Amino acid sequence: MALLRERAAATPPAGRPAAARRHGLALALLGVALAWCAHRALPGVPMLTAAVVLGVAAAHLPRLRTVVRTTARPGLSYAGRRLMRAGIVLLGLRLAFDDVRALGWATVLMVIGVVTVTLLGTWWLGRRLGLPGDQPLLIAAGYAVCGASAIGAVGEARGSDERDTAASVALVTLCGTLAIAVLPLLQGVLGLGDAAFGRWVGASVHDVGQVVATAQTAGGTALGEAVLVKLMRVALLAPIVAAVALGVRRGRGRAPGAARVPLVPLFVVGFLAAVALRSTGLLPAAALDTAGVAQELLLAAALFGLGSAVDLPALTRTGVRVAALGLCAWVVVAGLSYAGVLLVS
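Quick look at the structure, then. (Residues numbered from 1 in each chain as written. Predicted model: local features only at pLDDT ≥ 70, side-chain atom pairs only at ≥ 80, totals over all residues. Heavy atoms only, no water.)

### Let's talk about the packing of helix H7 (residues 105-128) against helix H12 (residues 220-235)
- Taken N-terminus to C-terminus, the directions of H7 and H12 make an angle of 55 degrees; their axes are 10 Å apart at the nearest point. The angle between H7 and H12 falls in the class oblique. For the element pair H7 and H12, the recorded crossing hand is right-handed. Contacts from Thr107, Val108, Val111, Ile112 and Val115 of H7 reach H12 at Val229, Met232 and Arg233.
- Its residues placed into classes, the contact of H7 with H12 shows 6 nonpolar, 1 polar and 1 charged. (Axes fitted to C-alpha atoms, helices over the stretch in contact; angles between N-to-C directions. Helix = DSSP H or I, 4+ residues; strand = E, 2+ residues; numbered from the N terminus. Parallel < 35°, antiparallel > 145°, perpendicular 65-115°, else oblique. Left-handed = near helix turned anticlockwise from the far one by under 90°. Contact = heavy atoms within 4.5 Å. Nonpolar A, V, L, I, M, F, W, Y, C, P; charged D, E, K, R; others polar.)

Spelled out as structure tokens, the structure:
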């Protein structure tokens, strides 16, 4: 009965969707402010990582969880979907075509190979382990491309259940956060110079913020290489989401009365347009800085919303399998990236 009451309370009033979203968006805004404060107090913790953790905490605090699951749910779900799309579009302004050319074809091919093998291998293993719903595909996208942003984009294209998206974000965020502490310790052990270490970090760590936090421990050279390689992985988000949308479109096309899914989702078109706009060189540095701040805030709000959908008791029922997939995927992407960096260095 309690669950039924929560669901009834979470149902938005007819004709008042904006009012129903207000509480959740206000809570997401508070979560972003707290995540910013956490990042300022602990610069080694990326703001997006803090946002996910705070969202998960909000969903399980005794008094707050009732609000999260009822009156705030419509707004938090809206943040996890719509604000994520806007943040991904602005993410395109961080990449220019000249950046890709600057990497050289050997590095570009290495990145494509790492992303492809990690994506397909993690997806296959997740299915073999019997993970529910779209979790295998979402986790694979997160590890292969750009963490929570890729999970949100692929989940949007596929129409994934919010709980699958939230569980995948939680796993990928945890592993990416561990990378911040573990990878710098391995630089000397693996015999990597600063530039090679930066390329390894860019090719293997998930979210952009986590890449920056990890690579900066080795200095400016490592950081520059890491960001370039990472943005190349981000560029691969567009064809991957388009392929997922095509698969959904073909599947629904066989069902009578099913809605048609666009071949390329609108937010992916926006992402590509943002890349093209950045490549023209017309945008001043101030505009790019402002867009970068807006992108960080939008993604933080979206990740807080997704984090608030994590149900830890439900997650523990598949905990061993999820942990096994996360560990294997982490080893695969780190090992492939290390081999690739040695080949192209």
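Still more to cover.
### Side note on H12
- For H12, spanning 16 residues, the distance from its first C-alpha to its last is 23 Å, which sits close to the expected 22 Å at 1.5 Å a residue.
- Residues of H12 that are buried: Ala222, Ala226, Val229, Lys230, Leu231, Met232, Arg233 and Val234. (Expected span 1.5 Å × (residues − 1). Buried < 20%, exposed > 50% of the residue type's maximum accessible area, 1.4 Å probe, protein only.)

### Observations concerning helix H3 (residues 47-58)
- In this model H3 runs 16 Å from its N-terminal to its C-terminal C-alpha over 12 residues, within 8% of the 16 Å that 1.5 Å per residue would give.
- With 9 of 12 residues buried, H3 lies mostly within the body of the structure.
- Every buried residue belonging to H3 is among Met47, Leu48, Thr49, Ala50, Ala51, Val52, Gly55, Val56 and Ala58, and all of these are buried.

### Overview of the packing of helix H9 (residues 162-190) against helix H10 (residues 194-204)
- At a minimum axis separation of 11 Å, H9 and H10 run at an interaxial angle of 135 degrees. Between H9 and H10, the angle falls in the class oblique. Seen along the crossing, H9 lies across H10 with a hand that is right-handed. Contacts from Leu183, Pro184, Leu186, Gln187 and Leu190 in H9 reach Asp194, Phe197, Trp200, Val201 and Ser204 in H10.
- Considering only residue class, the contact of H9 with H10 consists of 7 nonpolar, 2 polar and 1 charged.

### Digging into the packing of aromatic side chains
- A complete count under the given rule lists 2 aromatic pairs for this structure.
- For the ring pair Trp200 and Tyr338, a centre distance of 6.2 Å and an interplane angle of 65 degrees mean the geometry is edge-to-face. Residue Trp200 is located in helix H10, and its partner Tyr338 is located in helix H17 (residues 319-344); the two are separated by 138 residues in the primary sequence.
- A relative accessible area of 3% places Trp200 in the buried class.
- In this structure Tyr338 comes out as partly exposed when scored by relative accessible area, which is 22%.
- Here a set of aromatic residues connected by ring pairs shows up, and it is made of Phe197, Trp200 and Tyr338.
- The residue whose ring lies beneath Arg21 is Tyr78, and the NZ or CZ to ring-centre distance is 4.3 Å. (Phe/Tyr/Trp six-rings, centres within 6.5 Å; stacked < 30°, edge-to-face > 60°. Lys NZ or Arg CZ within 6 Å of the ring centre and 35° of its normal.)

All we've got here are geometric facts, nothing functional implied.
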